[in-house]
Amino acid sequence: MSLTHTVSSRNAKTTAPLAINGLSVAYQKKPVLRNVSFEVKEGELVGVIGPNGAGKSTLMKAALGLIPSLGGEVLVYGKPYKQQRQMIGYVPQRESVDWDFPTNALDVVLMGRYGHLGWFRRPGAKDKAIALECLNKVGMADYAGRQISQLSGGQQQRVFLARALAQDAKLYFMDEPFAGVDAATEKAIITLLQELKKQGKTVIVVHHDLATVQDYFDSVLLLNVELQAYGPTAETFTQEQLQRTYGGRLAFLDRSLQHPSFSGGKGE
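Definitions and cut-offs
- Residues numbered from 1 in each chain as written.
- Predicted model: local features only at pLDDT ≥ 70, side-chain atom pairs only at ≥ 80, totals over all residues.
- Heavy atoms only, no water.
- Phe/Tyr/Trp six-rings, centres within 6.5 Å; stacked < 30°, edge-to-face > 60°.
- Helix = DSSP H or I, 4+ residues; strand = E, 2+ residues; numbered from the N terminus.
- Buried < 20%, exposed > 50% of the residue type's maximum accessible area, 1.4 Å probe, protein only.
- Lys NZ or Arg CZ within 6 Å of the ring centre and 35° of its normal.
- Contact = heavy atoms within 4.5 Å.
- Arc of directions from axis to C-beta.
- Pairing = 2+ DSSP bridges.
- Axes fitted to C-alpha atoms, helices over the stretch in contact; angles between N-to-C directions.

Participant: Would you take a moment to explain the packing of aromatic side chains for this structure?
Facilitator: Centre-to-centre distance and the angle between the planes together describe a pair of aromatic rings. Under the defined criterion, the tally for this structure stands at three aromatic pairs. Ring plane angle 25° and centroid distance 5.0 Å describe the contact between phenylalanine 178 and tyrosine 216, whose orientation is recorded as stacked. Here tyrosine 216 lies in helix α7 (residues 213-216) and phenylalanine 178 lies in the loop between β7 (171-175) and α6 (183-198), a separation of 38 residues in the sequence. In this structure, phenylalanine 178 and tyrosine 216 share a single accessibility class: buried. Since its relative accessible area comes to 12%, tyrosine 216 is described here as buried. Of note, lysine 170 hangs over the ring of tyrosine 77, and the distance from its end group to the ring centre comes to 4.4 Å.

This is the structure:
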């Protein structure tokens, strides 16, 4: 398997949910992503795995145009990202959100409808009904009027998942959605991911818990500044590939790969 996974020019018009070719990013002249290329299949749950400082969140933000890149191409269903924004849902890291902003859970979820409304139309009864349905799907309908600052961390994460659902996207990016949540929220999230998959949606998830990778994802992308490997989880999530990706930071990995662990914890 090639480590570059370069998307050739003849496939430039690909209709894959996401095709990235030669994406590079640097912070203060230090490379964070170097010539990353891959193509995602439709209807898959894809886990993005790697150690601290590997560029996982950077990959997601660069693909979404949230940070500048040094070069590379990002295609969403065959077209530049800027032309396809309405097809994309995004759940950022919970730590990056100002949870003291004075708004309630329902209003946060309604923000996910703006792509359908345009900025000069106010949400109507139909949009509010959709938002409430999305809150119900993540077990948060009873908290619709609650200020987001009064919610627990797990509840806040569920509200942001509901907002992404309200966008009714075809391609979802989720940055560490399982980080620091309670068991009930984790179960709610994976149930939601499976439902999105059944609907033919494609979901890309930055993930740090190696022990759950095999249970959660159809494919994995192993990243450490450069793309180390990408493919079906059963073929790609191996001890050899993980050792290469994590290097000395991989503290222990049992033979069954059921309970791998690594030093360094979660993060970029």
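Participant: Just to check I follow, could you spell out the side chain of glutamine 156 for this structure?
Facilitator: Looking at the element boundaries, glutamine 156 is found in helix α5 (residues 153-166). Since its relative accessible area comes to 6%, glutamine 156 is described here as buried. Among residues more than four places away in sequence, those in contact with glutamine 156 are Arg94, Trp99, Ile148, Ser149 and Leu151.

Participant: Would you mind showing me how to read helix α9 (residues 239-246) here?
Facilitator: Because each turn of an α-helix spans 3.6 residues, side chains separated by three or four positions in sequence point in the same direction. Burial in α9 covers these residues: Gln241, Leu242, Thr245 and Tyr246. End-on view of α9: buried residues confined to an arc of 115°, all on one side of the axis. Those residues of α9 that are buried lie in contact with β3 (45-49), β9 (219-224), β10 (226-232) and α8 (233-236). Looking one or two residues past α9, glycine 247 carries a phi angle of roughly 60°, positive in sign.

Participant: Quick question: what am I supposed to make of the pairing of β3 here?
Facilitator: Walk down a regular strand and you will see the side chains alternate between the two sheet faces. Within β3, five of the five residues are buried, which leaves it mostly tucked inside the rest of the structure. Burial along β3 is two-sided: Leu45, Gly47 and Ile49 and Val46 and Val48, pointing in opposite directions, are all buried. Where β3 and strand β8 (residues 202-206) come together, four bridges link them in parallel fashion. The partner of valine 48 across the bridge, within β8, is valine 206.

Participant: Any chance you could explain the sheet that holds strand β1 (residues 18-27) here in plain terms?
Facilitator: The strands that make up a sheet pair up through hydrogen bonds in the backbone, lying either parallel or antiparallel. Here four strands make up an open sheet; going across it, the order is β2-β1-β4-β5 and the pairing antiparallel. Of all the strands in the sheet, the pair left with one neighbour each is β2 (30-40) and β5 (79-80). Strand direction decides the pairing type here: β1 and β2, joined by seven bridges, are antiparallel. For leucine 18, the partnering residue across the bridge sits in β2 and is valine 40. Where helix α1 (residues 56-63) meets the sheet, it contacts β1, β2 and β4 (71-76), and its direction lies at approximately 115° from that of β1.

Participant: Just to check I follow, could you spell out the environment of leucine 222 for this structure?
Facilitator: Structurally, the position occupied by leucine 222 is in strand β9. Along the primary structure leucine 222 and glutamine 241 are separated by 19 residues, whereas in three dimensions their C-alpha atoms are 7.9 Å apart.

Participant: When you look at the pairing of β10 in this model, what are you seeing that I'm missing?
Facilitator: Within β10, five of the seven residues are buried, which leaves the element mostly enclosed by the surrounding structure. As paired elements, β9 and β10 share six bridges and run antiparallel to each other. Bridging from a neighbouring strand, valine 220 pairs with glycine 231 of β10. The antiparallel hairpin formed by β9 and β10 contains one residue in its connecting segment, where valine 225 sits at a positive phi of about 70°.

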